[in-house]
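Residue-level structure breakdown
Okay, here's what each chain looks like letter by letter:
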Amino acid sequence: MDSAMHSAIESKSSDTLRRLVGHLPCLALTGAGISAGTGIPTYRDRRGRWLRSDPIKHQEFIRDAAKRQRYWGRSMVGWPGVRDALPAPAHRSIARLQARGAVAQIVTQNVDRLHQRAGAQAVTDLHGRLDRVLCLDCGDNSCREYLQGRLESLNPWLRPALHEARPDGDADLPDHTIEAVRVPDCERCGGTLMPDVVFFGGSIPAARVDACRAALQDAQSLLVIGSSLTVYSGFRFCRWAEAAGLPIFLINPGQSRADAIAEKCPLDADLALAHLEELIA
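First, a word on what this report is: a plain description of the structure on this page. (Residues numbered from 1 in each chain as written. Predicted model: local features only at pLDDT ≥ 70, side-chain atom pairs only at ≥ 80, totals over all residues. Heavy atoms only, no water.)

Right, let's talk about the packing of helix H8 (residues 206–217) against helix H9 (residues 232–244) for a bit. Between H8 and H9, the shortest axis-to-axis distance is 10 Å and the interhelical angle comes to 40°. In terms of their interaxial angle, H8 and H9 are classed as oblique. For H8 against H9, the interelement crossing comes out right-handed. Contact residues: Val-209, Cys-212, Arg-213 and Leu-216 in H8; Arg-236, Phe-237, Trp-240 and Ala-241 in H9. For the contact of H8 with H9, the per-class residue count stands at 6 nonpolar, no polar and 2 charged. (Axes fitted to C-alpha atoms, helices over the stretch in contact; angles between N-to-C directions. Helix = DSSP H or I, 4+ residues; strand = E, 2+ residues; numbered from the N terminus. Parallel < 35°, antiparallel > 145°, perpendicular 65-115°, else oblique. Left-handed = near helix turned anticlockwise from the far one by under 90°. Contact = heavy atoms within 4.5 Å. Nonpolar A, V, L, I, M, F, W, Y, C, P; charged D, E, K, R; others polar.)

This paragraph deals with the sheet that holds strand E4 (residues 128–135). Taken in spatial order, the 3 strands line up as E5-E4-E6 in an open sheet, and their pairing is antiparallel. Each edge of the open sheet is held by one strand with a lone partner, namely strand E5 (141–143) and strand E6 (193–197). Taken over all neighbouring pairs, the strand axes of this sheet differ in orientation by 40° on average, direction set aside. As paired strands, E4 and E5 are joined by 3 bridges and run antiparallel to one another. Each residue of the ladder has a partner; that of Val-133, found in E5, is Ser-142. (Pairing = 2+ DSSP bridges.)

Turning to the state of the cysteines, a few remarks are in order. As enumerated under the stated definition, the model contains 0 disulfides in all. Cys-135 takes part in no disulfide bond, and the closest cysteine sulfur to it belongs to Cys-189, at a distance of 3.5 Å. Residue Cys-135 is classed as buried on the basis of its relative accessible area of 4%. Left without a disulfide partner, Cys-186 is nearest to the cysteine sulfur of Cys-135, which lies 3.7 Å away. (Disulfide = S-S within 2.5 Å. Buried < 20%, exposed > 50% of the residue type's maximum accessible area, 1.4 Å probe, protein only.)

If you want to describe how two helices pack, look at the angle between their axes and the distance between the axes. At their nearest, the axes of helix H3 (residues 65–83) and helix H6 (residues 144–154) sit 10 Å apart, and the two run at 130° to each other. By the angle between their directions, the pair H3 and H6 is classed as oblique. In terms of crossing hand, the pair formed by H3 and H6 is left-handed. Between H3 and H6, the contacting residues are Trp-72, Ser-75, Met-76, Trp-79, Pro-80 and Arg-83 on the first element and Arg-144, Glu-145, Leu-147, Gln-148, Leu-151 and Glu-152 on the second. Here the residues of the contact of H3 with H6 are counted per class, giving 6 nonpolar, 2 polar and 4 charged.

So, on to the nonpolar core. Counting 26 residues, the largest nonpolar core has Phe-61, Tyr-71, Trp-72, Leu-130, Leu-193 and Phe-199 as its most contacted members. For this core, the secondary-structure elements that each account for two or more residues are H3, E4, H6 and E6. Here Trp-72 is in contact with Phe-61, Val-133, Arg-144, Leu-147, Leu-151, Val-183, Leu-193, Met-194 and Pro-195, once residues within four sequence places are set aside. Within the second largest apolar cluster, 24 residues are counted, among which are Val-103, Ile-106, Leu-223 and Cys-265. (Core = buried A, V, L, I, M, F, W, Y, C linked by side-chain atoms within 4.5 Å.)

This next bit is on the packing of aromatic side chains. Evaluation of the coordinates by the stated rule reveals 6 aromatic pairs. When the centroid spacing of 5.2 Å and the interplanar angle of 40° are considered together, the rings of Phe-61 and Phe-199 count as tilted. Residue Phe-61 is located in helix H2 (residues 58–63), and its partner Phe-199 is located in the loop between E6 and H8; the two are separated by 138 residues in the primary sequence. A single burial state applies to Phe-61 and to Phe-199, both of which are buried. Centroid distance Phe-237 to Trp-240: 5.0 Å. Interplanar angle 55°. Geometry classified as tilted. Of this pair, Phe-237 and Trp-240 both sit in helix H9, separated by 3 residues, roughly a single helical turn. Phe-237 sits in the buried class, given a relative accessible area of 1%. On the accessibility criterion, Trp-240 (14% relative accessible area) is buried. (Phe/Tyr/Trp six-rings, centres within 6.5 Å; stacked < 30°, edge-to-face > 60°.)

Structural data, given as structure tokens:
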């Protein structure tokens with residue numbers, strides 16, 4: 001990038017963030033891009049193209065034992081990367097912005113709980129949380145780290161350190177490895193265990209959706225950070241904001257589904273939120 005183009009991006013970003021300051025407090029909707037600085041990879045490239053193998057679908061997990069075997073084998077390998085990740089500067093910035101009243105509510109599409117680890121208070125995990133496990137039969141919930149110990153006991157030959165983590169807490173494994181994975185059942189009833197997340201094709205609980213929409217109605221704007229908004233569960237926030245006449249701001253260096261209806265700051269989340277903090281100092 002030449003210096004003239006860099007200067008133009010800096011100028012555009014500063015102007016956009018200054019306009020955002022006039023529409024605070026905002027509801028902040030965050031996606032995988034806000035966690036990119038932690039080492040957790042994103043789902044898509046800057047053009048919104050999917051970078052990973054096909055994600056597991058909700059009904060596949062429910063109905064197919066082989067799909068559950070695939071999920072838990074990959075999750076055993078990928079979980080430590082999410083568990084041990086530290087909040088990025090952007091997570092800490094948005095927590096401070098929230099403490100100062102500039103951010104009314106955080107809604108995250110991520111399942112990594114990094115906003116909470118950074119000290120944010122009002123956070124809705126739109127797609128659930130990876131650190132908790134549910135039994136589909138008896139409803140018992142347990143800690144994901146406890147299940148990790150059970151998985152490693154059943155599969156001592158599978159070494160997490162040898163595989164690359166993915167943004168949803170799993171990793172790529174060859175088919176012959178997946179076929180050998182042993183999956184634990186619920187200790188309470190012997191039922192099927194599932195992470196407390198909404199897989200592709202699953203439904204976000206209606207009460208959670210309603211609470212998010214109510215939070216948006218109480219805000220002065222919508223700020224989307226690090227999301228391509230390709231999945232409708234996130235993009236509908238833009239539709240809601242548009243219908244309510246609320247301004248929409250994007251912090252994202254890549255393409256998004258809402259580019260045509262929003263003001264855009266084309267910086268990465270760490271830089272943009274640091275600058276926003278300076279503007280409201």
